[in-house]
Amino acid sequence: MKDADQATDPLDRITLIPGPTEELLNERQYLDYRSEREHCLDWLLTFGKDPKTADGYAETTVSNRAFRMDQFYRWVWDHEGGYTSNLTHDHADRYLRHLAGQQKSNAHKNSCRKALMMLYKWRHHQRGADKWEPEITFSRKNQSTTPRDYLTREERTAIRDASLEYGSVPSRDSVYGDERDQWVAYLAQRFGKPKAEVTEADWERANNWKIPSLVGASLDGGLRPIEVERARTTWIDIDNGVLRIPKEESSKNTEHWIVSLQNQTVEMLDRWLTQRSTIEKYDDTDALWLTRKKNPYQSASLRNLLHRLCEIADISTENRQMSWYAIRHSTGTYMAREEGLAAAQTQLRHKSPESTMKYDQAPIEDRKNALDRMG
């Protein structure tokens, strides 16, 4: 076992019974529903994708769908006049018709539909229920086939440069008096220790290569948030300048992946591995990057990091969906532009070429140049 986190039950990180649902149930209903949810979600995590090969869904996928399953249960109870765990195909078909009449995006409706398919798949395999075939599908015509937002070439460079500035402090010997005292106070707060215990090593530690290596690897490899969360030191192949993502740790769990890296990124990762070995919180884990609170980075913390980097780089985030996927989308867009869809598919670790097709577009600057030429 590599670290303590691996001993944690994944169900501990999934909300089994949301607050609004708990308020509807008496004690016995609560216990019955909790048991129902535990059995279902545990099976989905272990067997859900392919029961024959014990191939389960990713924890983030189950967590997101579990929320929508719970909404479906509550809808059934509302229409049945009370609690029941006896879900029928008619319930599911009526719920889809209910969704069809809502003023919601088809992306939302499709996510709800997928959640129901997972729930009824479990009921079919584990409860002996007949297989459910949805009678309604939702058109994708109002869903964008191109990435919503991505970093331009200039922004990619600016974000990479900003990562070198992020959290940096001046040399201890270059500041004196009140200015040094202010930096000591900053470091004490940052590392959670009294000012009197701040050492020269803390000054050096503040300028480590964690954020630059994380940002560089994400820019090069188009890392998904779940891949940043799962990244391990064993992924790094310094000699060959690549990330090697094992099948069992890849987000799509289909095959081993080899991700190309820039020389600059390889040097950053090499420096980070050296520094990382001296930091106590990494002693019992092979996680590549941890937050200040010793947790793996996830979507929310990565989004906050990207917004801070945008502030440093003076990149406006107004009217843009600037999540960590903006980095991945930019990698796909420019890799497809420079080397074609096959290269983009491999670099982004897409199982299907269709998933890469949305990156087959002219970047913003290319379209601007075309307009200039058009006059």
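Naming follows an unreviewed UniProt entry, where the protein appears as Integrase family protein of Natronorubrum tibetense GA33.

**Student:** How do you make sense of the overall build of the protein when you look at a structure like this?
**Tutor:** When helices and strands are counted, the protein shows 16 helices and 3 strands. Split by element, the accessible area of the protein, about 20,500 Å² in all, is 44% carbon and sulfur.

**Student:** How should I be thinking about the side chain of Asp93 in this particular structure?
**Tutor:** Among the secondary structure elements, Asp93 is positioned in helix H4 (residues 89-100). In this structure Asp93 is buried but unpaired, with Arg97 as the nearest side chain of opposite charge at 5.4 Å. Contacts of Asp93, omitting those with residues within four sequence positions, involve Trp132, Pro134 and Glu135.

**Student:** I keep staring at the environment of Thr333 and nothing clicks. Help me out?
**Tutor:** Within the secondary structure, Thr333 is located in helix H13 (residues 325-339). Sequence separation of Thr333 and Tyr150 is 183 residues, and the distance between their C-alpha atoms is 8.3 Å.

**Student:** I'm lost on H4 in this one. Help?
**Tutor:** Since the α-helix advances by 3.6 residues per turn, residues separated by three or four positions end up pointing in the same direction. In a regular helix each residue adds 1.5 Å, so 12 residues correspond to 16 Å; H4 covers 17 Å between its end C-alpha atoms and thus fits that length. The complete set of buried residues in H4 reads His91, Ala92, Asp93, Tyr95, Leu96 and Leu99. On its buried face, H4 is in contact with helix H3 (59-80) and helix H5 (106-127).

**Student:** Any chance you could explain the packing of H3 against H5 here in plain terms?
**Tutor:** Pairs of packed helices are described in terms of their axes, by the angle between the two and the distance that separates them. One can describe the packing of H3 onto H5 by two numbers: an axis separation of 8 Å at closest approach and a directional angle of 90°. In terms of axis orientation, H3 runs roughly perpendicular to H5. Of H5, the residues touching H3 (which contributes Val62, Arg65, Arg68, Met69, Phe72 and Tyr73) are His108, Ser111, Cys112, Lys114, Ala115, Leu116, Met118, Leu119 and Tyr120. Each residue belonging to the contact of H3 with H5 can be placed in one class, and the counts come to 10 nonpolar, 2 polar and 3 charged.

**Student:** In this structure, what is going on with the pattern of salt bridges? I would like to understand it.
**Tutor:** Two side chains that carry opposite charge are able to pair once their charged atoms sit near each other. Counted by the stated rule, this structure contains 14 salt bridges. Across the pair Glu135 and Arg97 runs a salt bridge, and its minimum N-O distance is 2.4 Å. Residue Glu135 is located in the loop between H5 and helix H6 (153-165), and its partner Arg97 is located in helix H4; the two are separated by 38 residues in the primary sequence. Residue Glu135 is classed as partly exposed on the basis of its relative accessible area of 48%. Relative accessible area serves as the criterion here: at 42%, Arg97 is assigned to the partly exposed category.

**Student:** What is the right way to look at the environment of Thr291 in this model?
**Tutor:** Along the chain, Thr291 turns up in the loop between helix H11 (263-276) and helix H12 (299-313). You can call Thr291 buried: its relative accessible area is 14%. Setting aside residues up to four positions removed in sequence, Thr291 forms contacts with Lys210, Lys281, Pro296 and Tyr297.

**Student:** So what exactly am I meant to see when it comes to the pairing of strand S2 (residues 242-245) here?
**Tutor:** Along any regular strand, the residues point their side chains to alternate faces of the sheet. Of the strand pairs in this sheet, strand S1 (residues 236-237) and S2 are connected by 2 bridges, and their pairing is antiparallel. Across the sheet, the residue bridging to Ile236 is Leu243, located in S2. Joining the antiparallel neighbours S1 and S2 is a turn of 4 residues, in which Gly241 adopts a positive phi near 65°. One ladder, built from 4 bridges, connects S2 with strand S3 (residues 257-260); its direction is antiparallel. By the bridge assignment for S3, Val242 is matched with Ser260.

Calculation criteria
- Residues numbered from 1 in each chain as written.
- Predicted model: local features only at pLDDT ≥ 70, side-chain atom pairs only at ≥ 80, totals over all residues.
- Heavy atoms only, no water.
- Helix = DSSP H or I, 4+ residues; strand = E, 2+ residues; numbered from the N terminus.
- Areas by Shrake-Rupley, 256 points an atom, 1.4 Å probe, with all protein chains shown as cover.
- Buried < 20%, exposed > 50% of the residue type's maximum accessible area, 1.4 Å probe, protein only.
- Lys, Arg positive; Asp, Glu negative; His and termini not counted.
- Salt bridge = Lys/Arg side-chain N within 4 Å of Asp/Glu carboxyl O.
- Contact = heavy atoms within 4.5 Å.
- Expected span 1.5 Å × (residues − 1).
- Axes fitted to C-alpha atoms, helices over the stretch in contact; angles between N-to-C directions.
- Parallel < 35°, antiparallel > 145°, perpendicular 65-115°, else oblique.
- Nonpolar A, V, L, I, M, F, W, Y, C, P; charged D, E, K, R; others polar.
- Pairing = 2+ DSSP bridges.

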